[in-house]
Amino acid sequence: MATLDSLFGTINVQRGSKSIGNGSSSATETITSVDMNKSFVIVNSLASGTSTSVVAVELTNATTLTFSRNSTSGTSIAKWQVVTVD
């Protein structure tokens, strides 16, 4: 049986979570540098308090994730992964 590494090469994953607090609609997170042509982001967002906003995430450049939402109320938490396939 083939493994993912044998099919796609080396797979590297960075993980974390980012909170966007009450009064803010965006936030950034610094990550270890990635090749943007070989990387993608997976995000799962959670809302607490009065926030009902879904968080979107963008791989802004090789070392920055930008999180945004359409509200400034309550707190939203985004659990993220950046996957790079070499």
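Residues numbered from 1 in each chain as written. Predicted model: local features only at pLDDT ≥ 70, side-chain atom pairs only at ≥ 80, totals over all residues. Heavy atoms only, no water.

A word on the environment of N22
Applicable threshold: Strands are runs of DSSP state E lasting at least two residues, helices are runs of H or I lasting at least four, and both sets are numbered from the N terminus onward. Note on exposure labels: buried denotes an accessible area under 20% of the residue type's maximum, exposed denotes more than 50%, and partly exposed covers the range between, all computed with a 1.4 Å probe on protein chains only.
Examined against the element boundaries, N22 turns out to sit in the loop between β1 (11-20) and β2 (26-30). With relative accessibility at 60%, the residue N22 sits in the exposed group. C-alpha separation for the pair N22 and S73, spaced 51 residues apart in sequence, amounts to 5.0 Å.

Quick look at the pattern of salt bridges
What counts here: Throughout this description, the term salt bridge denotes a Lys or Arg side-chain nitrogen within 4 Å of a carboxyl oxygen of Asp or Glu.
All told, the structure shown has 1 salt bridge when counted by the stated rule. Put simply, K18 and E29 hold a salt bridge, and the shortest N to O gap is 3.2 Å. A residue pair is termed long-range when its members are at least 10 positions apart, and K18 in strand β1 and E29 in strand β2 qualify at 11 residues. By relative accessible area, which is 21% here, E29 ends up partly exposed.

Digging into the nonpolar core
To keep things clear, this is the line we draw: Only buried residues count toward a nonpolar core, which is a set of Ala, Val, Leu, Ile, Met, Phe, Trp, Tyr and Cys residues joined through side-chain atoms within 4.5 Å. The contact rule is simple, with two residues in contact once any of their heavy atoms fall within 4.5 Å.
Core analysis: the largest hydrophobic core is formed by 11 residues, namely I20, A27, I31, V34, V55, L59, L65, F67, A78, W80 and V82. Of all the secondary-structure elements, those providing two or more residues to this core are β5 (64-68) and β6 (75-85). For this core, the element with the most residues is β6, which contributes 3 residues. Setting aside its immediate chain neighbours within four residues, V55 contacts I20, V43, S45, F67, S68, S76 and A78.

Looking at the environment of R69
What counts, and what does not: We call two N or O atoms a polar contact when they sit within 3.5 Å, provided that within protein one can donate a hydrogen and the other can accept it, with sequence-adjacent residues counted only if both atoms are side-chain atoms.
Note that R69 resides in the loop between β5 and β6. The exposure class of R69 is buried, given its relative accessible area of 7%. Taking the C-alpha atoms as reference points, R69 and A56, separated by 13 residues in sequence, lie 6.3 Å from one another. There is a polar contact of 3.3 Å between the side chain of R69 and the backbone oxygen of S73.

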